[in-house]
Number of protein chains: 2
Amino acid sequence: MVKLNDQHLDAVFAALADPTRRAMLQHLEHGPCSVGELAGPFDMSFAGASKHVKVLEKAGLVTREVQGRIHHCHLNATPMAEADAWLQRYRVFWNDKLDALEQAIKDGD
Amino acid sequence: MVKLNDQHLDAVFAALADPTRRAMLQHLEHGPCSVGELAGPFDMSFAGASKHVKVLEKAGLVTREVQGRIHHCHLNATPMAEADAWLQRYRVFWNDKLDALEQAIKDGD
DNA sequence: ATTAAGTTTAACCATATGGTTTAATTTAGG
DNA sequence: CCTAAATTAAACCATATGGTTAAACTTAAT
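Since the structure is predicted, the reported quantities are computational estimates derived from the model, not experimental observations.

Asker: Explanation requested: the overall build of chain A in the structure shown.
Answerer: For chain A, the count of helices and strands is 5 helices and 3 strands. Residues classed as buried in chain A amount to 39% of the 109 residues present. Partitioning the contacts of chain A with sequence separation of at least 6, the portion at a separation of at least 24 is 51%.

Asker: Even after reading the chapter, I still don't get the protein's contact with DNA strand D, so can you show me in this structure?
Answerer: The immediate surroundings of DNA strand D are formed by 21 residues, with K51(A), H52(A), G36(B), S50(B) and R64(B) found nearest. Sugar and phosphate atoms constitute 69% of the interface atoms of DNA strand D, taking the interface as everything within 4 Å of the protein. At a separation of 3.0 Å, a phosphate oxygen of DNA strand D approaches a polar side-chain atom of R21(A). Here a phosphate oxygen of DNA strand D and a side-chain polar atom of S45(A) are 2.7 Å apart. Going through the elements one at a time, α4 (46-58) of chain A together with α3 (35-39), α4 (46-58) and β3 (70-75) of chain B are the ones with two or more residues in the surface near DNA strand D. The residue inventory of the surface near DNA strand D, partitioned by class, reads 6 nonpolar, 8 polar and 7 charged.

Asker: In this structure, what is going on with α4(B)? I would like to understand it.
Answerer: Every α-helix winds through 3.6 residues per turn, so residues three or four apart in the chain are directed the same way. Residue and element names in this part refer to chain B. With 13 residues, α4 should cover 18 Å at 1.5 Å per step; its first-to-last C-alpha distance of 19 Å lies within 8% of that length. Of the positions making up α4, those classed as buried are G48, A49, H52, V53 and L56. Viewed end-on, α4 has its buried residues packed into an arc of 145°, placing them on one side of the element. In α4, the exposed residues that point more than 90 degrees away from the buried face are A47, K51 and K58. Immediately downstream of α4, the backbone of G60 shows phi near 80°, a positive value.

Asker: Please clarify how the packing of aromatic side chains should be interpreted in this entry.
Answerer: Geometry of an aromatic ring pair is reported as the spacing of the ring centres plus the angle between the planes. Here the structure, examined in full by the defined rule, presents 7 aromatic pairs over all chains. Measuring from centroid to centroid gives 6.0 Å for Y90(A) and F93(A), while their planes differ by 35°, and the two rings are tilted. Taken together, the residues span about one helical turn, with Y90(A) and F93(A) both in helix α5 (residues 78-106) at a distance of 3 residues. Pairing F13(B) with W86(B) gives two aromatic rings, centres 6.2 Å apart and planes at 85°, and the pair type is edge-to-face. Placement of the pair is F13(B) in helix α1 (residues 2-16) and W86(B) in helix α5 (residues 78-106), with a sequence separation of 73 residues. For F13(B), a relative accessible area of 0% corresponds to the buried category. Judged by its relative accessible area of 9%, W86(B) is buried.

Asker: What is the right way to read the relation of the copies chain A and chain B from this model?
Answerer: Expressed as a screw transformation, the operator carrying chain A onto chain B has a rotation angle of 180° and an axial translation of 0.0 Å, and the superposed copies differ by an RMSD of 0.0 Å. Classification of the inter-copy transformation places it as that of a two-fold axis. A high fraction, 100%, of the interface residues of chain A reappear at the interface in chain B, so the copies pair face to face through one surface.

Analysis parameters
Residues numbered from 1 in each chain as written. Chains lettered and ligands numbered in written order. Predicted model: local features only at pLDDT ≥ 70, side-chain atom pairs only at ≥ 80, totals over all residues. Heavy atoms only, no water. Helix = DSSP H or I, 4+ residues; strand = E, 2+ residues; numbered from the N terminus. Buried < 20%, exposed > 50% of the residue type's maximum accessible area, 1.4 Å probe, protein only. Contact = heavy atoms within 4.5 Å. Near = heavy atom within 4 Å. Polar contact = N/O pair within 3.5 Å; in protein donor to acceptor, adjacent residues only side chain to side chain. Nonpolar A, V, L, I, M, F, W, Y, C, P; charged D, E, K, R; others polar. Expected span 1.5 Å × (residues − 1). Arc of directions from axis to C-beta. Phe/Tyr/Trp six-rings, centres within 6.5 Å; stacked < 30°, edge-to-face > 60°. Least-squares fit on C-alpha atoms with pLDDT ≥ 70 in both.

See the structure below:
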């Protein structure tokens, strides 16, 4: 039960651990686009970029709608909610640190 | 400029993309502990677990305070704030989806 | 019917990752 | 001082990852 969820989380975090893929997701914020458009900005072979898209797809962050020879990619942010939920546990911890920092500054360094 | 931050984000997300390491971080929520205590729960060689700790350390999620032969590990959640901030951009997207789902349920599936 | 566009697949390469075992290192305790 | 504990380092292995190029495939356009 937990395992399946875990593996999914693995895939999501791993997909996010690459700047090319994060940039692709940011591109998709503005709406769906083809693999070609997604690959365009990168100094990388088309096939290379295509692999990144597949990683995103396997993590569920991108869905593909094939229309003729064009593959339209859509952002699906829902898997990020899992990652976000996992991180939320720790928000209190980093807030504590930031509060302390703020306090230190207020106290005149 | 952006690159340094990016690389850091890479390391943080990559560190989180492993269930052993996530479990270690959860263990550390309850307070600092030694590498041995961290390694204990896992069906894995000590050296293997030690490597995971090092990955967490390189990502800045764990700090180490060496006291004699014992290495005390502390949780440092602050790098997670970066990851969280990155994810926040997308919160609106997954909220939209969840809202739609909720609405669909309310409408009687 | 050909050709060209958009994409994936396959084969390959270098390096990274997750794991092992064995050896080395440092320090605590009898 | 010697041994045992806590930990890292080193050498190794299998598989994954990020990249390449070349070939294959599907579909649109001429």
